[in-house]
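Below, each chain spelled out in residue letters.
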Amino acid sequence: EQINGLETEVVPDDRFWARRNLALIYGLQSETDSLARAKALLKENDSEIDGDPTIEDQRALAIILGSKDDSKLILQAISIMDRIVKSQATFSLSDNFMLAQLYSKNQNWTRYTRTMRDVFSNGGADNPDYVQQYANSLISRDELVEARLWTDRLKRLAKENVDTDTIEARLLYAAGDYEKL
């Protein structure tokens, strides 16, 4: 292949990476054919390796499907991420957090909270992004007592963060504690 006028050998892993990232770019767009283009790129990776899709390609597809506002596509994304999570020998915070976010988007509160608790019990309770998202969800569901616990934890993890202040303001407002706002 020629890159910048030079003959060069592109190794398969680089081609897979490039197609996967291009699929993410297409798939996260809102044009009607973008999902089909993204799937075609990932399928091209699959056909080149003569086997099952790689974990990376499956994860990319789940990200793409989960970004859509279509419940069937979100359920497909959940199924993909659930398979990925179950196939892993060690617990992946990022994959489990992504699965939790998909459950949240699908409005499956029970599975969302169960998955988030797994994330927290495996080290995610020290990640301000995870704690912030969970506290936000609790406030949205009017579970203010538990939201206070997680907001306090977030204040310890990310004290000087505007998002932390925003979540605390949302909590105070939801609790009717207007004088502290």
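Below or above, wherever it landed, is the structure these notes cover. Being a predicted model, the structure only gives us computed values, none of them experimental.

**Section: the overall build of the protein chain**
At step 1: Tallying secondary structure elements over the protein chain gives nine helices and two strands in all.
At step 2: Secondary structure of the protein chain in N-to-C order comes out as β-β-α-α-α-α-α-α-α-α-α.
At step 3: Relative to a compact globule of 181 residues, whose C-alpha radius of gyration would be 16 Å, the protein chain shows 20 Å and is clearly more extended.
At step 4: The C-alpha extent of the protein chain, read off along each of the three principal axes, is 70 × 35 × 35 Å.
At step 5: Out of the 181 residues belonging to the protein chain, those deemed buried represent 38%.
At step 6: When contacts within the protein chain are restricted to residue pairs at least 6 apart in sequence, long-range pairs at least 24 apart make up 48% of them.
At step 7: Counting only carbon and sulfur atoms, one obtains 49% of the accessible surface of the protein chain, whose full area is about 10900 Å².
At step 8: Counting 23 positive and 31 negative side-chain charges, the protein chain places the averaged centre of each group 6 Å from the other.

**Structural notes on the nonpolar core**
At step 1: Of all hydrophobic cores here, the largest spans 44 residues; its most connected members are Ile-64, Met-81, Tyr-112, Met-116, Phe-120, Tyr-134 and Trp-150.
At step 2: If you tally residues by element for this core, the top one is helix α4 (residues 71-87), at eight residues.
At step 3: Setting aside anything within four residues of it in sequence, one finds Met-116 in contact with Phe-97, Ala-100, Tyr-130 and Tyr-134.

**A short note on unusual backbone geometry**
At step 1: Its identity as a non-glycine residue notwithstanding, Gln-107 has a phi of 60°, on the positive side.
At step 2: Position of Gln-107 relative to the elements: it lies in the loop between α5 (93-105) and α6 (109-121).
At step 3: A relative accessible area of 73% places Gln-107 in the exposed class.

**Description of a nonpolar patch on the surface**
At step 1: Residues Tyr-173, Tyr-178 and Leu-181 make up a contiguous nonpolar surface patch of about 380 Å² in total accessible area.
At step 2: Locating Tyr-173 in the fold gives a position in helix α9 (residues 162-174).

**Thoughts on the environment of Ala-125**
At step 1: Residue position: Ala-125 is located in the loop between α6 and α7 (128-140).
At step 2: Residues Ala-125 and Trp-109 lie 16 residues apart in sequence; the distance between their C-alpha atoms is 19 Å.
At step 3: Not counting residues within four places of it along the chain, the set of residues in contact with Ala-125 comprises Val-119, Phe-120, Val-131, Trp-150, Arg-153 and Leu-157.

What counts, and at which threshold
Residues numbered from 1 in each chain as written. Predicted model: local features only at pLDDT ≥ 70, side-chain atom pairs only at ≥ 80, totals over all residues. Heavy atoms only, no water. Helix = DSSP H or I, 4+ residues; strand = E, 2+ residues; numbered from the N terminus. Rg over C-alpha atoms; globule rule 2.2 N^0.38 Å. Buried < 20%, exposed > 50% of the residue type's maximum accessible area, 1.4 Å probe, protein only. Contact = heavy atoms within 4.5 Å. Areas by Shrake-Rupley, 256 points an atom, 1.4 Å probe, with all protein chains shown as cover. Lys, Arg positive; Asp, Glu negative; His and termini not counted. Charge placed at Lys NZ, Arg CZ, Asp CG, Glu CD. Core = buried A, V, L, I, M, F, W, Y, C linked by side-chain atoms within 4.5 Å. Patch = residues over 30% accessible without salt bridge, like charges linked within 9 Å, V, L, I, M, F, W, Y side chains within 5 Å. Salt bridge = Lys/Arg side-chain N within 4 Å of Asp/Glu carboxyl O.

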